[in-house]
Amino acid sequence: MSALRYHQQCSVRLLAGQHADATLKDSFKLAQKCRGQWLACRTSLSSGSSQLFARATSRFVRPPSLVTAVEPWLSGSVPRAPRYVVQACSHTTFSSLYNQFSEYASSSFPTALGKANRPHNEHQAADNTLGGRASGGKHLVVLVNGLMGTRLNWTFFSKLLQQSSDSVSVHQSRSNELAKTFHGIDSAGERLADEINSLVESARRDGIHYSRISLVGHSLGGLIARYAAGCLFEERDSVGLIAGLKPAHFMTFSTPHLGSTAQVPFTGWLGVKDSMVASLAPLVVRRTGEQLFLRDNPVEPLLLKLSKDSPTSGPRYLSALRSFSQRTLYCNVDSDHIVGWHTSAIRPLDAEPPGPLSPSKRYPHIIWEEDAVAALPKQKESSNVQVMPKRVMPLTADMENDPSLRMYHEAMIRRLSDNVEWRRVHVSFKNTFIPVMAHNHIQVSRRAINMVGKDVVEHAVENLVKETSSRTRMCT
């Protein structure tokens with residue numbers, strides 16, 4: 001028995017547990033159906049069939065060693081698929097291949113690959129290979145809740161976004177709700193990545209074509225979205241994709257990107273010692289608390305890993321962030337006793353937050369919009385602008401006693417600021433109803449008590465819709 005054949009038979013045992021619901025007979029039927037679809041698709045393609053065939057098989061056939069066994073049979077050289085090929089490839093593989101071949105047959109790939117109508121840019125080329133041109137594809141926006149949150153926290157945001165654009169498809173994530181957010185950022189991120197993959201594949205089977213994807217997270221949900229983006233990131237023809245879609249917008253609301261070591265939650269509000277909260281956090285919110293306070297790994301905490309690409313073949317978290325067309329941080333300047341301004345804005349502790357800079361009538365709680373490449377403005381005194389005195393965050397007890405925490409903090413700021421451009425929107429609920437709920441106001445978690453943040457949500461929705469409209473015009 002050859003080594004390849006032995007490896008293929010071993011793969012059957014590894015995959016058997018994942019697809020026990022589909023019988024071998026059903027897999028054979030679907031495999032024959034998939035082969036017939038490709039042969040019909042190949043006859044309708046005037047050129048480029050070999051490139052499309054190789055692209056589909058390399059994408060869906062796992063493990064990659066089975067590609068050489070699948071190709072001769074699908075192309076018609078072998079009349080019937082070997083039994084071990086059908087078993088190892090699984091029901092899901094043939095289902096994905098069938099959907100991809102169906103998309104090839106129903107789209108204008110012959111002209112897209114020809115010289116006459118070659119894509120104008122690399123982003124359009126990537127969109128064309130994903131089952132339809134960008135002008136016909138929907139913009140998928142995934143909303144991720146924070147610690148102990150649920151998808152219901154996005155009800156107002158989701159409704160407003162759906163009403164603003166017909167080309168946007170909103171999905172309120174449900175894979176990490178309530179106590180599931182205690183399992184760790186990595187576990188939650190993997191569940192979110194699986195949820196997005198299943199969502200995209202299900203949409204393809206139903207004939208719904210997504211061309212772009214945006215990730216929006218509130219509080220801990222922003223970190224979960226960053227982890228999931230790294231797991232879903234891949235490059236095709238030098239174009240970065242998330243779950244096979246063009247990354248559009250990455251947006252977070254009051255997310256502790258640098259962890260909770262710089263500002264320990266509730267200490268300023270309740271008047272308790274930060275060392276006490278830092279010690280109790282892992283007991284209350286378990287693994288997630290350890291990761292937020294950088295206590296999960298003494299060598300390299302998870303949040304530090306999230307600020308770089310894996311040196312080997314692991315997730316590329318930094319490249320995933322950079323692949324998005326826009327990245328926006330909504331940060332509470334004051335009154336947020338859960339996530340401080342420095343960690344949500346990815347700023348050093350000696351940075352000066354912006355003061356009340358004459359907010360607009362349309363967005364009264366947004367005091368400053370900082371462009372992606374601009375630095376914080378130097379504030380000048382005037383009759384209409386009240387300058388906020390310089391506020392430097394004191395070091396917490398953990399950071400004073402452990403120099404490695406300060407080193408981690410500085411490394412994350414350097415990596416995320418020097419390698420990624422961020423647009424920052426600074427928000428203040430200081431003079432509003434229940435200002436201590438600023439952490440929930442910024443998302444409008446509950447309409448009854450958080451509607452004061454409606455203008456911030458409208459601002460965010462406008463940015464998402466603007467990204468969708470400009471991207472659609474670019475591709476048409």
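Residues numbered from 1 in each chain as written. Predicted model: local features only at pLDDT ≥ 70, side-chain atom pairs only at ≥ 80, totals over all residues. Heavy atoms only, no water.

Q: Could you give an account of the overall build of the protein, naming the residues involved and the relevant values?
A: Scanning the protein for helices and strands turns up 20 helices and 9 strands. Relative to its 476 residues, the protein shows a buried fraction of 52%. Here the contacts in the protein between residues at least 6 apart in sequence split such that 77% fall between residues at least 24 apart. Here the protein displays about 21,400 Å² of accessible surface, and carbon together with sulfur accounts for 52% of that area. (Helix = DSSP H or I, 4+ residues; strand = E, 2+ residues; numbered from the N terminus. Buried < 20%, exposed > 50% of the residue type's maximum accessible area, 1.4 Å probe, protein only. Contact = heavy atoms within 4.5 Å. Areas by Shrake-Rupley, 256 points an atom, 1.4 Å probe, with all protein chains shown as cover.)

Q: So what's going on with unusual backbone geometry? Residues and values would help.
A: At Ser 238, a position not held by glycine, the phi torsion is positive, near 65°. Following the sequence through the fold, Ser 238 ends up in the loop between β4 (233-236) and β5 (239-242). A positive phi angle, near 50°, is found at Ser 254, a position not held by glycine. Relative to the helices and strands, Ser 254 is located in the loop between β6 (246-253) and α11 (267-270). For Ser 254, a relative accessible area of 0% translates into the label buried.

Q: Tell me about the sheet that holds strand β9 (residues 423-427), and name the residues and values.
A: With mixed pairing, 7 strands are arranged side by side in an open sheet as β2-β1-β3-β6-β7-β9-β8. Each edge of the open sheet carries a strand with a single partner, namely β2 (168-172) and β8 (366-370). Going across the sheet, the axis of each strand differs from the next one's by a mean of 15°, ignoring polarity. Where strand β1 (residues 138-144) and β2 come together, 5 bridges link them in parallel fashion. Along β2, the bridge assignment pairs His 139 with Val 168. Of the strands in this sheet, β1, β2, β3 (210-218) and β6 are in contact with helix α8 (residues 155-164), which crosses β2 at around 170°. (Pairing = 2+ DSSP bridges. Axes fitted to C-alpha atoms, helices over the stretch in contact; angles between N-to-C directions.)

Q: Any chance you could break down the confidence of the model for the protein for me, citing the residues and the numbers?
A: In this model, the protein carries an average pLDDT of 76, and 60% of its residues clear a pLDDT of 70 or more. The secondary-structure element of the protein with the lowest mean pLDDT is helix α6 (residues 109-113), recorded at 38, while β6 shows the highest, at 97. Contacts of residues 1-22 to residues separated by more than four positions or lying in other chains number 23 contacts, the stretch itself having pLDDT below 50. This stretch, residues 472-476, has a pLDDT under 50; its non-local contacts, to residues over four places away or in other chains, come to 6 contacts. (pLDDT = per-residue confidence, 0-100.)

Q: How would you sum up the side chain of Glu 300? Please name residues and give values.
A: Structurally, the position occupied by Glu 300 is in the loop between α12 (274-292) and α13 (302-305). Judged by relative accessible area, Glu 300 falls into the buried class, the value being 19%. A distance of 2.6 Å separates a polar atom in the side chain of Glu 300 from a polar atom in the side chain of Lys 308. Sequence-distant contacts of Glu 300, defined by excluding residues within four places in its chain, comprise Lys 305 and Lys 308. (Polar contact = N/O pair within 3.5 Å; in protein donor to acceptor, adjacent residues only side chain to side chain.)

Q: If you had to explain the environment of Ala 193 to someone new, which residues and values would you point to?
A: Its place among the elements puts Ala 193 in helix α9 (residues 185-205). Judged by its relative accessible area of 5%, Ala 193 is buried. Spatially, the C-alpha atoms of Ala 193 and Cys 231 are 6.7 Å apart, while their sequence positions differ by 38 residues. Non-local contacts of Ala 193, meaning those with residues more than four positions away in its chain, are made with Ala 228, Cys 231 and Leu 232.

Q: I'd like a rundown of helix α10 (residues 220-232), residues and numbers included.
A: Given a rise of 1.5 Å per residue, 13 residues ought to cover 18 Å, and the 19 Å separating the end C-alpha atoms of α10 matches this to within 8%. Counting buried positions along α10 yields 12 of 13 residues, so the element is predominantly enclosed. All buried positions along α10 are accounted for by Leu 220, Gly 221, Gly 222, Leu 223, Ile 224, Ala 225, Arg 226, Tyr 227, Ala 228, Ala 229, Gly 230 and Leu 232. (Expected span 1.5 Å × (residues − 1).)

Q: Please give an account of the packing of α9 against α10 that cites residues and values.
A: Angle between the axes and distance between the axes are the two parameters that describe a pair of packed helices. Closest axis-to-axis distance for the α9/α10 pair is 8 Å, and the angle between their directions is 60°. Between α9 and α10, the crossing angle belongs to the class labelled oblique. Two packed elements cross with a definite hand, and for α9 against α10 that hand is right-handed. Here Ile 185, Asp 186, Ala 188, Gly 189, Glu 190, Leu 192, Ala 193, Ile 196 and Asn 197 of α9 lie close against α10, whose contacting residues are Leu 220, Leu 223, Ile 224, Ala 225, Tyr 227, Ala 228, Cys 231 and Leu 232. By residue class, the composition of the contact of α9 with α10 is 13 nonpolar, 2 polar and 2 charged. (Parallel < 35°, antiparallel > 145°, perpendicular 65-115°, else oblique. Left-handed = near helix turned anticlockwise from the far one by under 90°. Nonpolar A, V, L, I, M, F, W, Y, C, P; charged D, E, K, R; others polar.)

Q: I'd like a description of the pattern of salt bridges, backed by residues and values.
A: Evaluated as defined, the whole model comprises 11 salt bridges. For Lys 308, the salt bridge goes to Glu 300, with nearest N and O atoms at 2.6 Å. Salt bridges here are not isolated pairs; linked through shared partners, they connect Arg 347, Glu 370 and Arg 424. (Salt bridge = Lys/Arg side-chain N within 4 Å of Asp/Glu carboxyl O.)

Q: Summarise the packing of aromatic side chains; cite the residues concerned and give the values.
A: Under the criterion given, the structure shown has 6 aromatic pairs. With a centroid separation of 5.4 Å and an interplanar angle of 40°, the aromatic rings of Tyr 227 and Tyr 317 are classed as tilted. Of the two residues, Tyr 227 is situated in helix α10 and Tyr 317 in helix α14 (residues 317-323); the sequence distance between them amounts to 90 residues. Under the relative-accessibility criterion, Tyr 227 is labelled buried at 8%. Centroid distance Phe 253 to Tyr 330: 4.7 Å. Interplanar angle 15°. Geometry classified as stacked. (Phe/Tyr/Trp six-rings, centres within 6.5 Å; stacked < 30°, edge-to-face > 60°.)

Q: Can you tell me about the pairing of β6, naming the residues and giving the values?
A: Most of β6 sits inside the fold, with 8 of its 8 residues counted as buried. Note: β3 against β6, 6 bridges, orientation parallel. Bridge assignment links His 218 to a residue of β6, and that residue is Phe 253. Strand direction decides the pairing type here: β6 and strand β7 (residues 326-332), joined by 5 bridges, are parallel. In the strand pairing of β7, Phe 253 is matched with Tyr 330.

Q: Talk me through the nonpolar core; I want residue IDs and the actual numbers.
A: Counting 55 residues, the largest nonpolar core has Val 142, Ile 185, Ile 196, Ile 213, Leu 215, Ile 242 and Trp 422 as the members making the most contacts within it. For this core, the secondary structure elements donating two or more residues are β1, α9, β3, α10, α13, α14, β7 and α17 (403-418). In terms of residue count, the dominant contributor to this core is α10 (8 residues). Aside from chain neighbours lying at most four places away, what touches Ile 242 is Ile 213, Ala 229, Leu 232, Phe 233, Pro 247, Ala 320, Ser 323 and Phe 324. Of all hydrophobic cores here, the second largest spans 27 residues; its members include Val 168, Val 216, Tyr 363 and Ala 438. (Core = buried A, V, L, I, M, F, W, Y, C linked by side-chain atoms within 4.5 Å.)

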